[in-house]
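Coordinates in review
Here is how the chains run, residue by residue.
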Amino acid sequence: MLVVGAGLAGLSAARAARELGFGGPLTVVGGEIHRPYDRPPLSKDYLAGTASRVDIDLQAEGEDLRVDWVQDTAVSLDLGRRAITTATGSSYAADGIVLATGSSARMVPGLGEGRPENVLTLRTIEDADRLRSHLTPLAPRNRPTRLVVLGAGLIGSEVASTAAALGCQVTVVDREAQPLLRLYGPDLGPRLEALPARSGVTVIADAAISSVETSSGQLVSVTLADGRSLPLDVLLVAVGAAPETAWLVGSGLDLADGISCDAQGRALSDGQPVDGVVAVGDCAGWWDHHLLRHHRAQHWTDALERPALAVASLLGVPAPRRRPYLPYFWSDQHGVRIQMAGYASLADDVRLEVDDPETAQLVAVYRRQGEPVAVLAVSRPREFTRWRKVLTTTLGHVPDQPTFASAVAAPAAAGPTPRHLTTSSKELS
Ligand SMILES: Cc1cc2nc3c(=O)[nH]c(=O)nc-3n(C[C@H](O)[C@H](O)[C@H](O)COP(=O)(O)OP(=O)(O)OC[C@H]3O[C@@H](n4cnc5c(N)ncnc54)[C@H](O)[C@@H]3O)c2cc1C
């Protein structure tokens, strides 16, 4: 078995393969020099300096998955041979391939060109180290560091919050009039837009950068369309992440927003599952039978939990007993924890079950035709967990599990049985 991408989803796939009894050769090809590490702390504790490099390792010391870890970047996939080639010219063929290449931070056209060294994005450890060195320079200024964050989504908001706690003067600029509407809906979005003020962060909504000023290779200010000028020491561009799928163009796989997959994570080609190839984590858009479309979740819990289902499909064994799937994410920002589960976009009504404007705590239940479809909580973990359980029971989805015909023989009759993908091989070309 071959896993491409050594992030959380790739690691979860490798773990699932071993847990499900796969005893054959398992190779993980990952583009970074690091073993799998956790990304959520990069905008939180790690950026703040309260979590170390070791703290964010995803593998416990001593965990031995009997994996051949290869640091290299896949540049093409040959579906017929079920093989990849890499940037160093190597080729890896396998009976089962897990695509887990994640996503990369988007850059705004015009800002990235001749990229001044204080215009940053945040996806990797190196990005976080660079950002931190700008927020807390070795030679401190005699005034707070001025950070402008472009984009008021989850990562932008978390960095704004962390930077404010480090003593920076933070301004968030977003082109949307109601930046959080897309995440939380029209009733709750405006409500959560009050959070940044708690940390002294200024948000300028409905704004676009019309020009930038540079000096000695550094960006020194941005000017907004309404003429306002924002002097800055560092600009973080946090406008979302694009799936890492450019290397798959021409492979025959269906690529839309990520690798289009069925509800078990089987990659599609012309709408049909491809034998022996699954996609998991941020690079994959699985079919969602509530949304009735392919959906790229881009959240940590998806990358942790869903690879097991895809790998079970690949191996032709029953899926392990896991919680039925329900979208979930959390975000720590401005002194609160936001948690959301379910399908808020399907709701026709939202009601606040708990509402304490002083502490910002709230619990909101989204309903469709009277039935709960999603829950949002701010620093109310107990109520949130109760609602998440209810929603998991009513909406949680355990898809039927067709298996690949040609990758392996029929699944064992009872329970996960060791299954060996026999012809995994590595050829150096
Ligand atoms: C700063 C930050 C904060 C976050 N905070 C939260 C949060 O609070 N809550 C939450 O739910 N989610 C959060 N997330 C999202 C969560 O971390 C991701 O959903 C998760 O990391 C996805 O894991 P993945 O393995 O699919 O992708 P990734 O973690 O991106 O891993 C993919 C790996 O594949 C490698 N790769 C890419 N292309 C190739 C190639 N061609 N060949 C070989 N290797 C390749 C990449 O280098 C990378 O190492 C956050 C993300 C970031 C960046």
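The structure displayed is predicted, hence computed values, not measured ones.

Notes on the environment of Leu230
- If you trace the backbone, Leu230 turns up in strand 15 (residues 229–231).
- Between the alpha carbons of Leu230 and Ala360 there is a distance of 29 Å; along the sequence they are 130 residues apart.
- Excluding residues that lie within four positions of it along the chain, Leu230 makes contacts with Val148, Thr171, Val173, Ile204, Val220, Ser221, Val222 and Leu224.

Let's talk about empty space enclosed by the protein
- This structure, assessed with the given rule, holds two cavities of 30 Å³ or more.
- Of the pockets and cavities examined, the largest cavity occupies roughly 80 Å³.
- Contributing to the lining of the largest cavity are Thr301, Asp302, Glu305, Arg323, Pro324, Tyr325, Leu326, Tyr328, Arg388 and Thr392.
- If you list the elements that add at least two residues to the lining of the largest cavity, you get helix 8 (300–305) and helix 10 (381–395).
- Ranked by the residues each element gives to the lining of the largest cavity, the list is headed by helix 8, at three residues.
- A volume near 60 Å³ is recorded for the second largest cavity.
- The wall of the second largest cavity is formed by Gly281, Ala284, Trp286, His295, Ala297, Asp302 and Arg306.
- Taken together, the residues that form the lining of the second largest cavity break down as three nonpolar, two polar and two charged.

Quick look at the sheet that holds strand 16 (residues 234–237)
- Strand order in the open sheet made by the five strands is 9-16-10-11-12, with parallel pairing throughout. Taken across any chain shown, the strands that pair with only one partner, and hence form the sheet edges, are strand 9 (119–120) and strand 12 (202–204).
- Its contacts with the sheet put helix 3 (residues 125–135) on strand 9, strand 10 (146–150) and strand 16, and the angle it makes with strand 16 is roughly 150 degrees.

Regarding the environment of Ala205
- Along the chain, Ala205 turns up in the loop between strand 12 and strand 13 (209–215).
- A relative accessible area of 30% places Ala205 in the partly exposed class.
- With 28 residues separating them in the primary sequence, Ala205 and Asp233 have C-alpha atoms 21 Å apart.
- Once residues lying within four places of it in the same chain are set aside, the contact partners of Ala205 are Asp174, Glu176, Ala177 and Pro179.

Brief notes about the site of the ligand
- Within the structure, the ligand sits among 35 residues, and Glu32, Arg39, Lys44, Arg123 and Asp282 are positioned closest to it.
- At a separation of 2.8 Å, an oxygen atom of the ligand approaches a polar backbone atom of Ala9.
- Between Ala74 and the ligand, the recorded distance is 2.9 Å, taken from a backbone N or O atom to a nitrogen atom.

Some details on the packing of helix 1 (residues 8–19) against helix 9 (residues 307–315)
- Contact geometry for helix 1 and helix 9: axes closest at 8 Å, N-to-C directions at 50 degrees. Taken together, the axes of helix 1 and helix 9 are oblique relative to one another. Here helix 1 runs over helix 9; the crossing is right-handed. For the pair helix 1 and helix 9, the contacting residues are Ala9, Ser12, Ala13, Ala16 and Ala17 in the first and Pro307, Ala308, Val311 and Leu315 in the second.
- Across the contact of helix 1 with helix 9, the residue classes tally to eight nonpolar, one polar and no charged.

Topic: helix 4 (residues 154–165)
- The first and last C-alpha atoms of helix 4 sit 17 Å apart over 12 residues, in line with the 16 Å expected at 1.5 Å per residue.
- Helix 4 sits mainly inside the fold: 10 of its 12 residues count as buried.
- Among the residues making up helix 4, those that are buried are Leu154, Gly156, Ser157, Glu158, Val159, Ala160, Ser161, Thr162, Ala163 and Ala164.

Description of the sheet that holds strand 24 (residues 328–333)
- With respect to topology, five strands assemble into an open sheet ordered 24-25-28-27-26, the strand pairing being antiparallel. Looking at strand neighbours, the two that pair on one side only are strand 24 and strand 26 (349–356), the edges of this open sheet. For this sheet the average axis-to-axis angle between neighbouring strands, irrespective of direction, equals 15 degrees.
- Sheet topology places strand 25 (residues 336–342) next to strand 28 (residues 371–378); five bridges connect them, and they run antiparallel. Residue Gln339 lies in a different strand from strand 28, and its bridge partner there is Ala377.
- Across the sheet, helix 10 lies against strand 24, strand 25, strand 26, strand 27 (361–368) and strand 28, angled at about 155 degrees from strand 28, the strand it touches most.

What counts as what
Along each chain, the written sequence defines residue order, and numbers are assigned to residues from 1. Local features are withheld for residues below a pLDDT of 70 in this predicted model, meaning they are given only at 70 or higher, and side-chain atom pairs are given and counted only at 80 or more; totals for whole chains, interfaces and linings count all residues. By convention in this description, side-chain values take in all heavy atoms of the structure and omit both hydrogens and water. Helical segments are the DSSP runs of H or I of at least four residues, strand segments are the runs of E of at least two, and each set is numbered from the N terminus. Contacts: residue pairs with any heavy atoms within 4.5 Å of one another. Here a cavity denotes grid points, spaced 1 Å and computed from the protein atoms alone, that fit a 1.4 Å probe unable to get out, and a pocket denotes an open set having protein on both sides within 12 Å along at least 5 of 7 lines; residues with an atom within 4 Å of a point are the lining. Grid points are joined across faces, edges and corners, and a volume is the space filled by probe spheres set on the points. Just so you know the grouping, Ala, Val, Leu, Ile, Met, Phe, Trp, Tyr, Cys and Pro go in nonpolar, Asp, Glu, Lys and Arg go in charged, and all remaining residues, Gly too, go in polar. Think of it this way: DSSP has to see at least two bridges between two strands before they count as a pair. Helix axes are fitted to C-alpha atoms over the stretch in contact, other axes to C-alpha atoms as well, and angles between N-to-C directions run from 0 to 180 degrees. Burial classes: relative accessible area under 20% of the type maximum marks a residue as buried, over 50% as exposed, and values in between as partly exposed (1.4 Å probe, protein chains only). The cutoff for a nearby residue is simple: one of its non-hydrogen atoms must lie within 4 Å of the molecule or strand. Side-chain atoms alone can form a polar contact between residues adjacent in sequence; in general such a contact is a pair of N or O atoms within 3.5 Å, and within protein one must be able to donate a hydrogen while the other accepts it. By the definition adopted for this analysis, an angle is roughly parallel if under 35 degrees, roughly antiparallel if over 145, roughly perpendicular if from 65 to 115, and oblique otherwise. Should the near helix be turned anticlockwise from the far one by less than a right angle, the crossing is left-handed, and should it be turned clockwise, the crossing is right-handed. Here the expected length of a helix is defined as 1.5 Å per residue gap, with one fewer gap than residues.

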